[in-house]
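Summary of structural features
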Amino acid sequence: MSVLVNKDSNIIVQGFTGSEGTFHAGQMIEYGTNVVGGVTPGKGGQTHLGKPVFNTVQEAVEQVDADTTIIFVPPAFAADAIMEAADAGIKVIITITEGIPVADMITASSYIKNKDCRLIGPNCPGVITPGEAKVGIMPGFVFKQGKVGIVSKSGTLTYEAADQVVKQGLGITTAIGIGGDPIIGTTTKEAVELLINDPETEAVVMIGEIGGQLEADAANWYKASGSKKPVVGFIAGETAPAGRTMGHAGAIVGGSDDTAQAKKKIMRACGIHVVDSPAEIGKKIAEVLG
Amino acid sequence: MNLHEYQGKEILSSFGVRIQRGIVAQNAQEAVAAAKQLTSETGTSWHVIKAQVHAGGRGKGGGVKLAKNLKEVEEIAGQIIGMDLITPQTSAEGKRVHQVLVAEDVYYPGDSETNEFYMSVLLNRGTGRNMIMYSTEGGMDIETVAEETPHLIFTEEIDPAVGLMPFQARRVAFNLGLSGLAFKEMTKFVANLYTAYVKSDSSLFEINPVLKTSDDKIMAVDAKVTIDDNALYRHKNYVDLRDVREESAIEVEAGELGLNYVDLDGNVGCMVNGAGLAMATMDLIKQAGGEPANFLDVGGTADAARVEAAFKIILKDPAVKAILINIFGGIVRCDRVAQGVIDAYKNMGNINVPIIVRLQGTNADIAKELIDNSGLDVMSATEFQEAADKVQQVLS
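Just so it is clear, the structure is predicted and the values come from calculations on it, not from any experiment.

1. Notes on the sheet that holds strand β2 (residues 35–39) of chain A
Strand pairing within a sheet occurs via backbone hydrogen bonds; the two strands may be parallel or antiparallel. Residue and element names in this part refer to chain A. An order of β3-β4-β2-β1-β5-β6-β7 is seen for the seven strands of this open sheet, with the pairing classed as mixed. Edge positions in the sheet fall to β3 (47–48) and β7 (118–120), since each has one partner strand and no second. When strand β1 (residues 11–14) meets strand β5 (residues 68–71), the two strands line up parallel, connected through four bridges. In the strand pairing of β5, Ile12 is matched with Thr69. The strands touched by helix α3 (residues 75–87) are β1, β5, β6 (92–95) and β7; relative to β6, the strand with the most contacts, the crossing angle is about 170°.

If you want it as structure tokens, here you go:
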């Protein structure tokens, strides 16, 4: 078991023939991911990286049974790509694109609300189930198979956490990069819930950052769930000044409840093993797993 | 992108939102001319001189003053322009004022009492929808209102599929206790304000106060407007509204070099790939006994040119006593980053602070060897904790 993506996922790449799409699709295929094709409007019928190119997502669903997509479409067109995928019946929509206007994401997230799909991202590194499927831009070799699930808003910090977990002799079930934008499809709480409910996942690493309420919501859900699976948490940005955007569009301290300190306090109160140092994530997970 | 009050008001006005009218002036003479013109256009006899800086609480710092005649306009404008305005939202040094808005007096006496309200439009991150937040307590700091009298703050969330509905605009006007002409004016004000927010791709409108005049007009007396940077590509006419004088010079320069940089007050500079890891690295510096001097995300391509650009930006800050480079090489190979660091270091030739380079990920071992054999005053590390220990070591 794993969550969201596995060896049986039929994955397409939207923005397949662009430079980002080409590079990362190549890496995904090399990893052994089941990429069944891609979509670039106007290039339908061609073959790219040995896979068929379609004009529309709908064609990809009809012809190669696509059920999962990864989007590399430029920001101005990315929200449209998300809605196209949802309309065509894609179940898991992973959006890597950074810099999508907020107004476009308001429209897209409203549009997909009543569709049977899950959006991951945007502005995220993607999702990886080690040994089965890499649907993202992360370095595959860092992630070894195992029993720890990872949820994170950040790319390189996810790799850092995975590396620390692996160096403790442990491994990863699925790592989910949920993205650092103000509006994202899958929240920290939803991602943690997926992993807690996954029978193979024995512990969860939850990495957040300043801004918003997602970590507090996840912590409150975890406490209410009564789950016995340990969760190790870290919040980046304790030293970030208020009112400044720290790289990620969503990483900004507005009020007193979205500081790193406030979030950690709630997480601790909900039974999450919070580490203050980002260097101690791996050690802590080994400790809680005994 | 943050706008000045006068720029924000121009945008509001272009969508039919009634505003307190004004003319921007760069010096006392221009202020007098502006006051004369405003009197002829609006009939106002008094004028309000308002400092134009990107900070709230301007009145508290002496940046907003009433002038009752042209002599006072000249005097007050002369005082405010060039001053370092200190408000609760600026640093202790304050912000230099380069221009003032000469505005009409809208608190004139009339048939009814004037009344001030608060109104903002912003994203509710929890629901992914825009909302209008408003209060009967205008002219006050909204954070204080939220703490002391939260029942006086109302919200109206907007369904993106249909937009702001008339019943919602009416509810706003009712909750603000309005009736008659002022009620009608308010529903129009709210509708136009929301249209302006959406059409301008803004991420924040804060109108404090919204004024009901003594003749029952509703108008924006102040305007804090933030435009969504990601949407600027479809608003070419707004690009020129950016006032780089309001931003830190070093951040502007870093931005031009493609570096995501935020200037901080500490003593340890850092250079990291990825925003989350950059924040985590700042936190680690603090735990190692230092204070981060900056946030710097070099992005995915940490080659020699970018590393050199980042070095130059970090070293502009004389408070920097050490630099920690923390790169997790995924797609980008660590040995290439290491070579970039070595080349940049040699090119610059005058780096006088210790440098700690922590490279992890693809080819991290080759990278460490490159650094260790470079003969430069650069310490290498592979583990995160090891990097923190070395920071501690050089600081002590």
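Back to the write-up after that little detour.
2. Concerning the confidence of the model for chain B
Per-residue confidence for chain B averages 93 on the pLDDT scale, and 99% of its residues sit at or above 70. Both scores are available for the predicted complex, with the pTM at 0.93 and the ipTM at 0.91.

3. With respect to the domain arrangement of chain A
Residue and element names in this part refer to chain A. Each assigned domain of chain A is listed here: domain 1 (11–120) and domain 2 (138–289). Between the C-alpha centres of domain 1 and domain 2 there is a distance of 26 Å. The interface is formed by eight residues belonging to domain 1 together with ten residues belonging to domain 2. Of the roughly 830 Å² buried between domain 1 and domain 2 on both sides combined, carbon and sulfur atoms contribute 60%. Two residues, Glu190 and Arg118, come together in a salt bridge whose shortest N-O distance is 3.8 Å. For the interface between domain 1 and domain 2, the tally reads two residue pairs in polar contact (both at pLDDT 80 or more). Only α4 (102–112) and β7 provide two or more residues apiece to the side of domain 1 that touches domain 2. A per-element tally of the side of domain 1 that touches domain 2 places α4 first, with four residues. Tallied by class, the residues present in the side of domain 1 that touches domain 2 amount to six nonpolar, one polar and one charged.

4. So, the domain arrangement of chain B
Domain annotation for chain B reports domain 1 (1–19 + 109–247), domain 2 (21–105) and domain 3 (249–395). Distance from the C-alpha centre of domain 1 of chain B to the C-alpha centre of domain 3 of chain B: 43 Å.

5. Concerning the UniProt feature "binding site: Mg(2+)" (unreviewed entry) in chain B
Residues and elements named next belong to chain B. UniProt records the feature "binding site: Mg(2+)" (unreviewed entry) for Asn208 and Asp222 in the present numbering. On the secondary structure map, Asn208 appears in strand β10 (residues 202–212). If sequence neighbours within four positions are ignored, Asn208 has contacts with Phe117, Tyr118, Gly138, Gly139, Met140 and Asp222. A distance of 2.7 Å separates the side chain of Asn208 from the backbone nitrogen of Gly139, its partner in a polar contact. Note that Asp222 resides in the loop between β11 (218–220) and β12 (224–227). In contact with Asp222, other than residues within four places in its own chain, are Glu5, Lys9, Arg58, Glu206, Ile207, Asn208 and Pro209. A polar contact of 3.1 Å, which involves the side chain of Asp222, links it to the side chain of Arg58.

6. Digging into the UniProt feature "domain: ATP-grasp" (unreviewed entry) in chain B
The UniProt feature table records "domain: ATP-grasp" (unreviewed entry) at residues 9–236 of chain B. Helix makes up 30% of residues 9–236 of chain B and strand 27%, and the two end C-alpha atoms of the span are 18 Å apart.

7. Examining the interface of chain B and chain A
Quite often, the size of an interface is put as the accessible area lost when its parts meet. The partner chain A presents 52 residues to the 41 residues of chain B that form the contact. Run the count over chain B and chain A and you get four salt bridges. Residues B:Glu383 and A:Lys167 are paired through a salt bridge, measuring 3.3 Å at the closest nitrogen-oxygen approach. Where chain B touches chain A, the interface holds ten residue pairs in polar contact (both at pLDDT 80 or more).

8. Points about the environment of B:Thr136
All names here are of chain B. Structurally, the position occupied by Thr136 is in the loop between β8 (129–135) and α4 (142–148). In the structure, Thr136 is positioned 19 residues away from Phe117 in sequence and 4.9 Å away in space, judged by C-alpha atoms. The residues contacting Thr136, other than those within four sequence positions of it, are Glu116, Phe117, Leu152, Asn175 and Leu176. A polar atom in the side chain of Thr136 sits 3.0 Å from the side chain of Glu137.

9. A closer look at the packing of aromatic side chains
Here the structure, examined in full by the defined rule, presents six aromatic pairs over all chains. When the ring of A:Phe143 is compared with that of A:Tyr159, the centres are 6.4 Å apart and the planes differ by 80°; the resulting orientation is edge-to-face. Taken as a pair, A:Phe143 in the loop between β9 (133–136) and β10 (145–152) and A:Tyr159 in helix α5 (residues 155–167) lie far apart in primary sequence, 16 residues in all. Relative accessible area serves as the criterion here: at 4%, A:Phe143 is assigned to the buried category. Classification of A:Tyr159 by relative accessible area gives buried; the value is 7%. Look at B:Tyr197 and B:Phe205: their rings are 5.3 Å apart centre to centre, the planes differ by 85°, and that puts the pair in the edge-to-face class. Comparing B:Tyr197 with B:Phe205 shows no difference in burial state: the two are buried. Following the ring pairs from residue to residue traces out a cluster consisting of A:Phe143, A:Tyr159 and B:Phe328. Against the face of B:Trp46 rests B:Lys68, its NZ or CZ located 4.7 Å from the ring centre.

Calculation rules
- Residues numbered from 1 in each chain as written.
- Chains lettered and ligands numbered in written order.
- Predicted model: local features only at pLDDT ≥ 70, side-chain atom pairs only at ≥ 80, totals over all residues.
- Heavy atoms only, no water.
- Pairing = 2+ DSSP bridges.
- Helix = DSSP H or I, 4+ residues; strand = E, 2+ residues; numbered from the N terminus.
- Contact = heavy atoms within 4.5 Å.
- Axes fitted to C-alpha atoms, helices over the stretch in contact; angles between N-to-C directions.
- pLDDT = per-residue confidence, 0-100.
- Domains from an automatic or database assignment.
- Buried area = accessible area lost by both parts, 1.4 Å probe.
- Salt bridge = Lys/Arg side-chain N within 4 Å of Asp/Glu carboxyl O.
- Polar contact = N/O pair within 3.5 Å; in protein donor to acceptor, adjacent residues only side chain to side chain.
- Nonpolar A, V, L, I, M, F, W, Y, C, P; charged D, E, K, R; others polar.
- UniProt positions renumbered as here; feature names shortened; annotations may be inferred.
- Phe/Tyr/Trp six-rings, centres within 6.5 Å; stacked < 30°, edge-to-face > 60°.
- Buried < 20%, exposed > 50% of the residue type's maximum accessible area, 1.4 Å probe, protein only.
- Lys NZ or Arg CZ within 6 Å of the ring centre and 35° of its normal.

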